[in-house]
Structures are given as C-alpha cells and as structure tokens.
Amino acid sequence: MTLGQNATMNVESISTGSFGLDMGEDGCLYFGAYPVGHLGKYNVATGEFTNMGKVGTDDANCYASVPVYDNGYVYVTTTGDTNSDGVKTMELSKYDAVTNKLVMRKNITEHLSQQEVMVRGMGICGGVIVMGGERNDIKKVAAFDTETLEFVDLGI
C-alpha cells in the first residue's frame, strides 16, 4: 500500500486506541475509537483524516468498535455505561461514507448481553449485519438489517 504525501494521522483529538479497522471500496480506512467513541476515516490516497463524529449517544467513555464498510455506508457499534451504574448501552450506527454524516442509530442493547464488553466481530452478507460480542463464552450472536438496522432473527 502506498500512502499519500500527507500521510500523517493526528488521532489525539479523538482516540487513545482503535477497536477495529475496515477499508472501504472508496480507498478509505475506517476505525472506531476509545475512549470517546468516535468514528475515524483516513483517505489513503490524499492523507486526509476525518473525524466522522460520535458513534453513540453515551456521554461517558465508550468503545466505538468494528466498523464495516458496505455499499457506500459504514456500520459501527458502540458500548458504554452512560451514568456509571454498571449497565451498558450498546448501539449500532450507520454513516454515509461520502458525506461522513450519521444516517441512523439504534439501541441494540436488548439483543446482546450485559456481560459482553463490546462487539468484537461483525460482517455483512445479503443485506444483513451479523455480529458477535466479546466474551466468547457467552456465545451470543445478533443480526440486523442494513437498511433499517432492525433486528433480524436468524434462529441462532
């Protein structure tokens, strides 16, 4: 891979760590950040870095993880504890990869487990996002429609 002339990324303003990375058909790298829960975009050809904004509605520290690019959109999850009461909120967000704007966000907490730290794996097949959480001993899988972000029962 060849990086652009200005290929330096200053991620200090949004992140101390990246949780997942995907390269879109548009030649950009997409990554979620911790602790502020933002979605980052890096254009490899131009060296331009874009902060696409806060992934979830959580005000506290949260993980924005596992971005997946598909058909002009970037899907990313966030997990956080909004009021530090030990109850996590998990959300799935959809961003337009061209405008860098949030298209929609859904609370998906009821479809995962409170014992899961975050979504660790996510993929898209046939218009369905399939994800699994971190703590593999829980063995929980959830699926959502890419258009509406509504839960899809795969019978798993």
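Per-chain numbering applies: the sequence of each chain, read as written, is numbered from 1 onward. With pLDDT at 70 or above as the cut-off, local features in this predicted model cover only qualifying residues; side-chain atom pairs require 80 or more to be listed or tallied, and sums for whole chains, interfaces and linings still use all residues. Side-chain measures here rest on the full set of heavy atoms in the structure, leaving out hydrogens and waters.

## Things to note about the confidence of the model for the protein chain
Here the protein chain averages 79 in pLDDT, while 74% of its residues score no lower than 70. The quantity known as pLDDT measures the predictor's confidence residue by residue, on a range of 0 to 100. Strands are runs of DSSP state E lasting at least two residues, helices are runs of H or I lasting at least four, and both sets are numbered from the N terminus onward. Element-level pLDDT for the protein chain is lowest in strand S1 (residues 15–23), with a mean of 68, against a maximum mean of 94 in strand S8 (residues 102–107). Only heavy atoms matter for contacts: two residues are in contact if any of them lie within 4.5 Å across the pair. Low pLDDT, under 50, characterises residues 1–13; the stretch is placed with 20 contacts to residues that sit more than four places away or in other chains.

## What about a nonpolar patch on the surface?
Residues forming no salt bridge and having over 30% relative accessible area are the ones grouped into patches, like charges within 9 Å of each other and nonpolar side chains (Val, Leu, Ile, Met, Phe, Trp, Tyr) within 5 Å. Computed with the Shrake-Rupley method and a 1.4 Å probe, the accessible areas treat only the protein chains shown as cover for residues. Note on definitions: salt bridges are taken to be side-chain nitrogens of Lys or Arg within 4 Å of carboxyl oxygens of Asp or Glu. Together, Val130, Val141 and Leu154 make up an exposed nonpolar region whose accessible area comes to about 200 Å². Assignment of secondary structure puts Val141 in strand S11 (residues 141–145).

## Regarding the pairing of strand S2 (residues 28–35)
Burial analysis of S2 places seven of its eight residues in the buried class, which makes it a mostly covered element. The rule for pairing is simple: two strands pair if DSSP sees at least two bridges between them. Across five bridges, S2 lies against strand S3 (residues 38–43) in antiparallel orientation. Paired with Leu29 across the strands is Tyr42, a residue of S3. Hairpin connection, S2 to S3: the antiparallel pair is bridged by two residues, and Gly37 has positive phi, about 70°. Burial classes: relative accessible area under 20% of the type maximum marks a residue as buried, over 50% as exposed, and values in between as partly exposed (1.4 Å probe, protein chains only).

## Considerations on the nonpolar core
To form a nonpolar core, buried Ala, Val, Leu, Ile, Met, Phe, Trp, Tyr and Cys residues must be joined to one another through side-chain atoms within 4.5 Å. Core analysis: the largest hydrophobic core is formed by 13 residues, its most contacted members being Leu92, Ile108, Met122, Ile129 and Met131. Once you skip the residues sitting within four places of it in the chain, Ile129 turns out to touch Tyr75, Leu92, Met122, Gly123, Ile124, Ala142, Ala143, Phe144, Thr146 and Leu149. Counting 11 residues, the second largest nonpolar core, distinct from the first, contains Cys28, Leu39, Met52 and Val74.

## Things to note about the pairing of strand S4 (residues 49–54)
Strand direction decides the pairing type here: S3 and S4, joined by five bridges, are antiparallel. The residue bridging Tyr42 from the neighbouring strand is Phe49, located in S4. Where S3 folds back on S4, the antiparallel hairpin that results is connected by five residues, among which Gly47 adopts a positive phi of roughly 80°.

## Overview of unusual backbone geometry
Within the chain, Asn71 stands out as a residue other than glycine whose phi angle is a positive 55°. Here Asn71 shows up in the loop between strand S5 (62–70) and strand S6 (73–80). Positioned with a positive phi, Asn100 is a non-glycine residue whose angle comes to about 65°. With respect to the helices and strands, the residue Asn100 is situated in the loop between strand S7 (89–96) and S8.

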